[in-house]
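Reading the structure
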Amino acid sequence: MMKPILETFEHAGILEITVYGLIINFGIYFCSLGLYSALNHFPWKQRLGDQQPILQSDLILSIITVFCNTAVFILGVYLWKYGFIKLDKDSGFIQVAVEVLLLTLIMDLLMYVFHRSVHFLRHFKQIHERHHEHESTNLLSLFVLHPIESIGFGLMMLGVLLVFPFSAIGISLYLVLNSLWGTIGHLNHSVLPRSWLKLAKKGYLCTSEFHYLHHQNPGYNFGFYTSIWDLIFKTIHPSSGK
Ligand SMILES: [Zn+2]
Ligand SMILES: [Zn+2]
């Protein structure tokens with residue numbers, strides 16, 4: 001399935017790769033904004049708090065984030081072209097499912113460490129402060145990040161891909177899951193079934209409530225996909241899952 005796409009990238013020059021990167025990353029951006037708006041109109045939603053006002057500076061920064069993600073994408077394609085990153089062109093369903101799970105769990109731990117570091121290390125703190133100007137959330141919050149933070153996340157992922165070989169489809173599905181979870185995490189409404197909230201308390205899942213509590217109380221809930229590391233390191237907010 002990914003074979004024709006990889007063959008296209010194999011023969012593409014820098015200009016074509018940049019255009020593909022922009023199409024993919026702006027595609028992810030608009031899908032996230034669309035999904036956010038759709039979920040916020042769900043009939044059974046529950047409001048978590050007032051929506052963070054959308055500022056022009058947020059819009060500009062969110063577009064800069066898309067350009068940063070595109071730069072990381074271009075770097076990733078070149079690391080693959082020069083043989084530093086190895087990709088399987090064809091893989092079976094079970095292999096892909098295991099890869100998505102593994103990539104999510106590895107990134108979950110790395111993102112917990114990265115996120116906790118940017119909260120507590122003095123110089124890094126300024127980098128993450130821009131994201132925390134959003135005491136509540138809006139449809140742009142996921143993309144309101146200091147460029148160092150966006151590039152840091154991208155480099156962290158490329159670092160994992162340099163060490164472990166994954167298939168192109170596994171990486172693509174992980175990135176879809178990452179955008180989906182990032183969008184759900186920044187909803188200022190609760191849309192997931194109530195039983196799922198208990199999964200956050202047990203350490204399995206980060207929900208909209210879980211990350212909303214982080215924006216309100218930045219000393220807690222550093223997890224992105226699962227709350228397992230918050231549970232282990234005792235940084236889970238007492239109200240998580242209630
Ligand atoms: Zn956030
Ligand atoms: Zn934070």
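The following refers to the structure shown. Because the structure is a prediction, the values reported are computed rather than measured. (Residues numbered from 1 in each chain as written. Chains lettered and ligands numbered in written order. Predicted model: local features only at pLDDT ≥ 70, side-chain atom pairs only at ≥ 80, totals over all residues. Heavy atoms only, no water.)

**Some words on the coordination of the zinc ion (ligand 2)**
The test is simple: Donor atoms: N, O and S within 2.8 Å of the metal, or within 3.2 Å for Na, K and Ca. Because water is excluded, sites can look incomplete. What counts as a helix is a DSSP run of H or I of at least four residues, what counts as a strand is a run of E of at least two, and both are numbered from the N terminus. Classification of residues uses two cut-offs on accessible area relative to the type maximum, computed with a 1.4 Å probe and protein chains only: under 20% is buried, over 50% is exposed, and between them is partly exposed.
Every protein donor of the zinc ion (ligand 2) is listed here as His115 (NE2), His119 (NE2), His128 (NE2), His132 (NE2) and His214 (NE2), and their distances to the metal cover 2.1 to 2.2 Å. Spacing between the donor residues of the zinc ion (ligand 2) along the chain follows H-x3-H-x8-H-x3-H-x81-H. Separating the zinc ion (ligand 2) from the zinc ion (ligand 1) is a distance of 6.0 Å. Taken together, the residues His115 in helix 4 (residues 93-120) and His132 in helix 5 (residues 122-132) connect sequence positions 17 residues apart. Comparing His115 with His132, the two get one shared label, buried.

**Quick word on the coordination of the zinc ion (ligand 1)**
Coordination of the zinc ion (ligand 1) by the protein comes from His131 (NE2), His186 (NE2), His211 (NE2) and His215 (NE2), over a distance range of 2.0 to 2.1 Å. Positions of the donor residues of the zinc ion (ligand 1), expressed as sequence spacing, correspond to H-x54-H-x24-H-x3-H.

**Thoughts on a nonpolar patch on the surface**
Our working definition: A patch is a set of surface residues, each over 30% in relative accessible area and not in a salt bridge, joined within 9 Å for like charges and within 5 Å for the nonpolar side chains Val, Leu, Ile, Met, Phe, Trp and Tyr. Residue-level accessible areas treat just the shown protein chains as cover; the underlying method is Shrake-Rupley with a 1.4 Å probe. What counts as a salt bridge is simple: a side-chain nitrogen of Lys or Arg found within 4 Å of a carboxyl oxygen of Asp or Glu.
A surface patch of nonpolar side chains, about 580 Å² in accessible area, is lined by Tyr82, Phe84, Leu162, Val163 and Phe164. Among the structural elements, Tyr82 can be located in the loop between helix 3 (56-81) and strand 2 (87-88). Residue classification places Tyr82 among the exposed residues on the basis of a relative accessible area of 64%.

**Comments concerning the nonpolar core**
Test applied: For this analysis, a nonpolar core means a set of buried residues of the types Ala, Val, Leu, Ile, Met, Phe, Trp, Tyr and Cys, connected via side-chain atoms within 4.5 Å. A contact between two residues is defined here by any heavy atoms of the two lying within 4.5 Å.
In terms of nonpolar packing, the biggest core is built from 48 residues, with Leu103, Met107, Met111, Leu161, Tyr174 and Tyr225 touching the most fellow members. Mapped by element, the contributors of at least two residues to this core are helix 1 (3-11), helix 2 (14-39), helix 3, helix 4, helix 6 (147-163) and helix 7 (168-185). For this core, the element with the most residues is helix 3, which contributes seven residues. Excluding its chain neighbours within four sequence positions, the residues that come into contact with Met111 are Phe153, Met156, Tyr174, Asn178, Phe224 and Tyr225.

**Describing the pattern of salt bridges**
For the structure shown, the criterion picks out three salt bridges. For Asp58, the salt bridge identified is with Arg130, shortest N-O distance 3.0 Å. Here Asp58 is found in helix 3, whereas its partner Arg130 is found in helix 5, with 72 residues between them in sequence. Considered together, Asp58 and Arg130 belong to a single accessibility category, that of buried residues. The salt bridge partner of Glu133 is Arg130, with a shortest N-O separation of 3.0 Å.

**Considering the packing of helix 2 against helix 7**
Applicable threshold: Helix axes are fitted to C-alpha atoms over the stretch in contact, other axes to C-alpha atoms as well, and angles between N-to-C directions run from 0 to 180 degrees. Orientation is classified from the angle alone, with under 35 degrees giving roughly parallel, over 145 giving roughly antiparallel, 65 to 115 giving roughly perpendicular, and any other angle giving oblique. Note: crossing handedness is left-handed where the near helix turns anticlockwise from the far helix by less than a right angle, and right-handed where it turns clockwise.
In contact at an axis separation of 10 Å, helix 2 and helix 7 are set at 40° when each is read in the N-to-C sense. On the basis of their axis angle, the class for helix 2 and helix 7 is oblique. Crossing of helix 2 against helix 7: the hand is right-handed. Residues Ile28, Ser32, Leu35, Tyr36 and Leu39 of helix 2 pack against Ser179, Leu180, Thr183 and Ile184 of helix 7.

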